[in-house]
Amino acid sequence: MQRIIRTTAVLLAGALMLGCSEQPEKSLEQATEQEQIVEAEATALDKMDAEQASAKLAEMNNAIRSMVGVAAATDLSQCRMLEVGARPCGGPEYYIAYSTENVDADTIEAMAAEYTELRRWLNEEQQMMGTCEVIPEPKLSLQGGVCRALPTETM
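Because the structure is predicted, anything quoted here is derived from the model rather than measured.

A. Inspection of the packing of helix α3 (residues 50-68) against helix α4 (residues 105-125) at higher detail. With their axes 10 Å apart at the nearest point, α3 and α4 run at an angle of 155 degrees to one another. Comparing the axis directions of α3 and α4 gives the class roughly antiparallel. For the crossing formed where α3 meets α4, the hand is left-handed. Counted together, Ala50, Ala53, Ser54, Lys56, Leu57, Met60, Asn61, Ala63, Ile64, Met67 and Val68 of α3 and Thr107, Ile108, Met111, Ala112, Glu114, Tyr115, Leu118, Arg119, Trp121 and Leu122 of α4 form the full contact between these two elements. Broken down by class, the residue content of the contact of α3 with α4 amounts to 15 nonpolar, three polar and three charged.

Quick look at the structure:
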């Protein structure tokens with residue numbers, strides 16, 4: 001089902017790009033390449049078992065945290081909050097503060113999106129249940145030249 005939704009979304013995005021492009025051949029090629037990437041990712045998920053998915057999640061989580069590192073910034077406007085993962089009842093697994101001064105926003109957001117997709121798949125595959133508490137998004141703060149997530153209480 002997820003593969004059908006992803007493939008449909010890629011085809012629609014490709015069609016939109018094709019309609020707006022001055023070079024339709026190039027847009028069609030890009031849409032085809034994107035469709036192949038989505039198809040390959042869906043096939044990889046279909047072939048992955050829960051143990052492999054858990055190992056991949058641990059690897060991806062470490063990569064995200066390593067990329068964020070110390071979120072050094074000179075101004076609060078460089079600080080961003082990233083939602084990572086998916087809880088069984090909804091909402092992100094956790095939030096992490098990062099700085100655009102030393103991390104490319106597109107790259108880290110793509111990594112988080114890939115992690116989140118795999119986590120959702122694993123949650124569904126293992127029929128995970130959660131406590132369903134709401135974890136509000138923390139507020140950003142710049143303290144001592146480092147972006148920080150101000151603590152919040154669960155609801």
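B. The arrangement of the pairing of strand β4 (residues 146-150) in detail. With five bridges joining them, strand β3 (residues 139-143) and β4 adopt antiparallel strand pairing. Bridging from a neighbouring strand, Gln143 pairs with Val146 of β4. Counted along the chain from β3 to the antiparallel partner β4, the turn is two residues long, and its residue Gly144 has a positive phi close to 60 degrees.

C. View of the state of the cysteines. Enumeration according to the criterion identifies two disulfides in this entry. Paired by a disulfide, Cys79 and Cys147 hold their sulfur atoms 2.0 Å apart. Here the S-S torsion is close to -80 degrees, and the disulfide linking Cys79 with Cys147 is therefore left-handed. Of this pair, Cys79 sits in strand β1 (residues 79-84) while Cys147 sits in strand β4, and the two are 68 residues apart along the sequence. The exposure class of Cys147 is buried, given its relative accessible area of 5%. Here Cys89 engages in a disulfide with Cys132; their sulfurs sit 1.7 Å apart. Of this pair, Cys89 sits in the loop between β1 and β2 (94-99) while Cys132 sits in the loop between α4 and β3, and the two are 43 residues apart along the sequence. Cys89 sits in the partly exposed class, given a relative accessible area of 43%.

D. Highlighting the nonpolar core. Membership of the largest hydrophobic core comes to 19 residues, with the highest contact counts inside it found for Ile64, Leu82, Val84, Ile108 and Leu118. Looking at this core, the elements that each hand over two or more residues are α3, β1, β2 and α4. Among the elements that take part in this core, α4 stands out by supplying seven residues, more than any other. In this structure, Ile64 is in contact with Leu82, Val84, Tyr94, Ile108, Met111, Ala112 and Tyr115, ignoring residues within four places of it in sequence.

The rules behind each value
- Residues numbered from 1 in each chain as written.
- Predicted model: local features only at pLDDT ≥ 70, side-chain atom pairs only at ≥ 80, totals over all residues.
- Heavy atoms only, no water.
- Axes fitted to C-alpha atoms, helices over the stretch in contact; angles between N-to-C directions.
- Helix = DSSP H or I, 4+ residues; strand = E, 2+ residues; numbered from the N terminus.
- Parallel < 35°, antiparallel > 145°, perpendicular 65-115°, else oblique.
- Left-handed = near helix turned anticlockwise from the far one by under 90°.
- Contact = heavy atoms within 4.5 Å.
- Nonpolar A, V, L, I, M, F, W, Y, C, P; charged D, E, K, R; others polar.
- Pairing = 2+ DSSP bridges.
- Disulfide = S-S within 2.5 Å.
- Buried < 20%, exposed > 50% of the residue type's maximum accessible area, 1.4 Å probe, protein only.
- Core = buried A, V, L, I, M, F, W, Y, C linked by side-chain atoms within 4.5 Å.

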